[in-house]
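Per-entry structural report
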Amino acid sequence: MSFEQYQEEIIEDIKACLEALQVQPILFMGAGISQRYINTPDWKSLLVHLADTCPLITRKYGYYSQTFNDDKPLIASEFSDKYAEWAWDDGADRYPSEFFEDKFDKSIYLKYEVANLLNDLSRRIDLENFEYTDEVKKLKKVRPHAVITTNYDDLIERIFENYQTIVGHDVVTVNYTSYGEIMKIHGSSDNPESIIINNEDYQQFYKRKKYVSAKLLTYFVEHPLFFFGYSINDENIKSILSDIDEIISPNNELIPNIYLVSFNKECEKNGSHQKELLISVGENKSIRIKVIYANDFGWIYDALSSNSPEISVNPKLIRTLLARTYTFASQSLVKQELPFDFEMLRNIAEKDNMLAKLYGIAELNNGQALNANYPYTISDLAKHLNMSYWYYVNKEFEKIKEEKDFDIKASDNQYHVTIHAGKNCVHKYSPFALELLKKVINNDDYEIIP
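We now turn to the structure provided with this report. (Residues numbered from 1 in each chain as written. Predicted model: local features only at pLDDT ≥ 70, side-chain atom pairs only at ≥ 80, totals over all residues. Heavy atoms only, no water.)

**Points about the overall build of the protein chain**
Assigned secondary structure in the protein chain consists of 19 helices and 10 strands. Taken over 450 residues, the protein chain has a buried fraction of 48%. For the protein chain, long-range pairs separated by at least 24 residues make up 71% of all intrachain contacts whose partners lie at least 6 apart in sequence. If you sum the accessible surface of the protein chain, you get close to 23,300 Å²; carbon and sulfur atoms cover 48% of it. (Helix = DSSP H or I, 4+ residues; strand = E, 2+ residues; numbered from the N terminus. Buried < 20%, exposed > 50% of the residue type's maximum accessible area, 1.4 Å probe, protein only. Contact = heavy atoms within 4.5 Å. Areas by Shrake-Rupley, 256 points an atom, 1.4 Å probe, with all protein chains shown as cover.)

As structure tokens, then:
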């Protein structure tokens, strides 16, 4: 197929995933994103820079690569020692005086160099006027539920200005229902001490990784998840996926809500493109996810923003609202410290539009009949059909389209209706659709009644 056809199929698949889960995506941003937008160095280039900066590192980087079998955290540990020795001698003026107190680890001097380099590179780029300005503007429109990154620099904070930054192990304390957060699991250039770079840092991180993975598991199950800026063989991806594959993919099934976006300058010239990828995660285990090949990210950001609300709400406001609602439900309500209208609470629990009305952001409408006639989302259909994901229901719809030349989702009919809200829409399905799918799955004869 042509690359344009490939793009169309990918965009349709992304929109179907957003429709099925009815939540904003989670973005997992890797080093490739910062390299693209603010010219940060890769792992090797960063270590080469550090070697060239410290006068006590007298050999070329290649020597250390050979000595430590190209184990970059071990090389960083070696460099940490050299930087500490330099800081306590001729290099003292380079560092804040408090770094020489015993509460700081000796690695602080190397981490300070890393943070200064990245902050300087970030300051050089005006995101409102540079080569990728249009692409960044499209990224801002995505309004993700959260952003998770292994990068140290402040690029993501600059793009999503009203999101709250959570650094390092503090990620495990985040309430998974929170919205608008940037989780920097490997540390931040705004706090050099938090940066995970040397062997000792990674050993500590791996000890705690299961807690981080447990926290992220909820996101992996309930949200579309997109990896940007990582290579197919990236160890960060393998490390994270290895802890969750048995839970979300017990039979090596495709996980339809996890996408790896692989940057490839030559992808338009290829005659065919993979849509799924089998990634080895160690110990004879592998996991199947979706893969997208792209030589720019703008069209993918456009697809992701197709489900974003037309009216932007400040993420700080949403976080405050969620936090106070959580406190109210978990503390005041159970203690009955206030007089409650329990009929109102029951209505909120049972009716989708009541909570929005309570907060003053929606009005009651006469859509009860519509909800009664079309009660199912595509994920609901999957549950009723004992399917693990909405993806397989979508496959059955494609089969119906091929066999009967009828696209159920293309129009309002007795099987399906599209509910529009501004530029967004929700697809709902009727009991007729459920019965039709049962016949298709069982290979029974069936007819379409438009």
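**Considering the pairing of strand E5 (residues 225–228)**
A two-sided burial pattern is seen for E5, the buried positions comprising Leu225 and Phe227 on one face and Phe226 and Phe228 on the other. As paired elements, strand E1 (residues 26–29) and E5 share four bridges and run parallel to each other. In the sheet register, Ile26 faces E5, and the bridge partner there is Leu225. Relative to strand E6 (residues 254–263), E5 runs parallel, the two being bridged by three bridges. Its bridge partner lying in E6, Phe227 is registered against Leu260. (Pairing = 2+ DSSP bridges.)

**Things to note about the packing of aromatic side chains**
One pass over the full model with this rule turns up 30 aromatic pairs. Ring geometry for Tyr95 versus Tyr109: centroids 5.2 Å apart, planes at 70°, classification edge-to-face. Residue Tyr95 is located in the loop between helix H5 (72–87) and helix H6 (108–124), and its partner Tyr109 is located in helix H6; the two are separated by 14 residues in the primary sequence. Each member of the pair, Tyr95 as well as Tyr109, is classed as buried. Taken together, a centroid distance of 6.0 Å and an interplanar angle of 40° make the contact between Tyr202 and Tyr206 tilted. Of this pair, Tyr202 and Tyr206 both sit in helix H9 (residues 199–222), separated by four residues, roughly a single helical turn. Of the residues examined, Tyr206 reaches a relative accessible area of 46% and is grouped as partly exposed. (Phe/Tyr/Trp six-rings, centres within 6.5 Å; stacked < 30°, edge-to-face > 60°.)

**Observations concerning the packing of helix H3 (residues 43–53) against H5**
Viewed as axis vectors pointing N to C, H3 and H5 meet at an angle of 25°, and their least axial separation amounts to 11 Å. Between H3 and H5, the interaxial angle falls into the category roughly parallel. Here H3 and H5 pass one another in a crossing that is left-handed. Counted together, Trp43, Lys44, Leu47, Leu50, Ala51 and Thr53 of H3 and Lys72, Pro73, Ile75, Ala76, Phe79, Tyr83 and Trp86 of H5 form the full contact between these two elements. Partitioning the contact of H3 with H5 into residue classes produces 10 nonpolar, one polar and two charged. (Axes fitted to C-alpha atoms, helices over the stretch in contact; angles between N-to-C directions. Parallel < 35°, antiparallel > 145°, perpendicular 65-115°, else oblique. Left-handed = near helix turned anticlockwise from the far one by under 90°. Nonpolar A, V, L, I, M, F, W, Y, C, P; charged D, E, K, R; others polar.)

**Overview of unusual backbone geometry**
Even without glycine at this site, Asn39 takes up a positive phi of about 60°. Position of Asn39 relative to the elements: it lies in the loop between helix H2 (31–38) and H3. Within the chain, Asp405 stands out as a residue other than glycine whose phi angle is a positive 55°. Along the polypeptide, Asp405 turns up in the loop between helix H18 (390–404) and strand E9 (416–421). Looking at Asp405, the relative accessible area reads 71%, which means it is exposed.

**A closer look at the sheet that holds E1**
Spatially, the eight strands line up as an open sheet ordered E3-E4-E2-E1-E5-E6-E8-E7, and their pairing is mixed. Since the sheet does not close on itself, it has two edges, and those belong to strand E3 (164–167) and strand E7 (276–282), each with one partner. If you compare each strand with its neighbour and ignore which way they point, the axes differ by 25° on average. One ladder, built from six bridges, connects E7 with strand E8 (residues 285–294); its direction is antiparallel.

**Considerations on H9**
Between its first and last C-alpha, H9 extends 33 Å over 24 residues, near the 34 Å set by a 1.5 Å rise per residue. Buried within H9 are the following residues: Asp201, Tyr202, Phe205, Lys209, Val212, Ser213, Lys215, Leu216, Leu217, Tyr219 and Phe220. Its side-chain oxygen at 3.2 Å from the backbone nitrogen of Glu200, Asn198 defines the N-terminal cap of H9. (Expected span 1.5 Å × (residues − 1). Polar contact = N/O pair within 3.5 Å; in protein donor to acceptor, adjacent residues only side chain to side chain.)

**Remarks on the pattern of salt bridges**
In the structure shown here, the tally under the stated rule is 16 salt bridges. Among the salt bridges present, the one from Asp13 reaches Lys290, with a minimum N-O distance of 2.8 Å. Of this pair, Asp13 sits in helix H1 (residues 3–21) while Lys290 is found in strand E8, placing the two residues 277 residues apart along the sequence. There is no split in this pair, since Asp13 and Lys290 are both buried. A salt bridge links Lys438 to Glu435; the nearest nitrogen and oxygen atoms lie 3.4 Å apart. Here Lys438 pairs with Glu435, and both are found in helix H19 (residues 431–441), just three residues apart, close to one helical turn. Classification of Glu435 as partly exposed rests on a relative accessible area of 42%. (Salt bridge = Lys/Arg side-chain N within 4 Å of Asp/Glu carboxyl O.)

**With respect to a negative patch on the surface**
Where like charges cluster on the molecular surface, the negative patch consists of Glu12, Glu398, Glu402 and Glu403. Top contributing element to the negative patch by residue count: H18, with three residues. Looking at the secondary structure, you find Glu12 in helix H1. (Patch = residues over 30% accessible without salt bridge, like charges linked within 9 Å, V, L, I, M, F, W, Y side chains within 5 Å. Lys, Arg positive; Asp, Glu negative; His and termini not counted. Charge placed at Lys NZ, Arg CZ, Asp CG, Glu CD.)

**Notes on the environment of Glu266**
Mapped onto the elements, Glu266 comes out in the loop between E6 and E7. Judged by its relative accessible area of 40%, Glu266 falls in the partly exposed class. When the C-alpha atoms of Glu266 and Asn295 are compared, they prove to be 7.1 Å apart, with 29 residues separating the residues in sequence.

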